[in-house]
Amino acid sequence: MFYKDWLMQKFVDATGRVWVVEVNVATIKRVRTLAGVNLLEVVEGELIERLSSDPILLCDILYAVCQPQAAKDGVSDEAFGEGLAGDAITEATTALIEALVAFFPEPRRRLLTKAAAKYQSVQNKALAMVEAKLDSPQMESRILDQLASELTRQDLSGSSTASPASPESIPVH
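The structure presented is a predicted model; accordingly, all values stated were derived computationally and were not measured.

The rules we used
- Residues numbered from 1 in each chain as written.
- Predicted model: local features only at pLDDT ≥ 70, side-chain atom pairs only at ≥ 80, totals over all residues.
- Heavy atoms only, no water.
- Salt bridge = Lys/Arg side-chain N within 4 Å of Asp/Glu carboxyl O.
- Buried < 20%, exposed > 50% of the residue type's maximum accessible area, 1.4 Å probe, protein only.
- Patch = residues over 30% accessible without salt bridge, like charges linked within 9 Å, V, L, I, M, F, W, Y side chains within 5 Å.
- Areas by Shrake-Rupley, 256 points an atom, 1.4 Å probe, with all protein chains shown as cover.
- Lys, Arg positive; Asp, Glu negative; His and termini not counted.
- Charge placed at Lys NZ, Arg CZ, Asp CG, Glu CD.
- Helix = DSSP H or I, 4+ residues; strand = E, 2+ residues; numbered from the N terminus.
- Axes fitted to C-alpha atoms, helices over the stretch in contact; angles between N-to-C directions.
- Parallel < 35°, antiparallel > 145°, perpendicular 65-115°, else oblique.
- Left-handed = near helix turned anticlockwise from the far one by under 90°.
- Contact = heavy atoms within 4.5 Å.
- Nonpolar A, V, L, I, M, F, W, Y, C, P; charged D, E, K, R; others polar.

1. Comments concerning the pattern of salt bridges
Going through the model one piece at a time under the given rule, you end up with three salt bridges. A salt bridge links Asp13 to Arg17, with the shortest nitrogen-to-oxygen separation between them at 2.8 Å. On the basis of relative accessibility, which here comes to 5%, the residue Asp13 falls in the buried class. Of the residues examined, Arg17 reaches a relative accessible area of 24% and is grouped as partly exposed. The salt bridge involving Arg50 is made with Glu41; its shortest N-O contact spans 3.5 Å.

See below:
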């Protein structure tokens, strides 16, 4: 594998377009100018969390990263954003993080790899906890109890038991 290939990552958006994610000094300057984000903040670890939790920020950064290709292909910012949905968001996030990690020299690269892996591990555990809670019988019981309580309250207030409006009371336009 050539060194330059190692610095580039790719993702396929929801429309089937293939995007090359390459991070170098020019990319970092372009993202800072167009998106107002300093990609070097990835070293502190907070940027990875922000990228994973804010798809709009992710889209803005990725568009700035991919802007030369987008301009060449005639893809607007809005059209680019339309392609970021579903699994494409995960692919794009991974491509960007991997390209950022590859940009840095050792030992920072090793630290960023570790930070990205740790964040992914924590995110996977959090998702597993939420999934377990959603699958629990207690969750279903609580939801059904709340629904029954709401229906009872509506019945008592008379708001849902009113008879349908008579034809004479319906305004004619």
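2. Some thoughts on a negative patch on the surface
The grouping of Asp54, Asp60, Asp77, Glu78 and Glu82 at the surface amounts to a negative patch. Looking at the negative patch element by element, the count peaks at three residues for helix H6 (residues 77-82). Looking at the element boundaries, Asp60 is found in helix H4 (residues 55-65).

3. A look at the packing of H4 against helix H7 (residues 87-103)
One way to put it is that H4 packs onto H7 with a least axis distance of 11 Å and a crossing angle of 60°. The orientation of H4 with respect to H7, classified from their angle, is oblique. For the pair H4 and H7, the crossing hand works out as left-handed. Contacts between H4 and H7 involve Leu58, Ile61, Leu62 and Val65 from the former and Ile89, Ala92, Thr93 and Leu96 from the latter. The residue makeup of the contact of H4 with H7, split by class, is seven nonpolar, one polar and no charged.

From the geometry alone we can't say anything about function, so treat these as descriptive.
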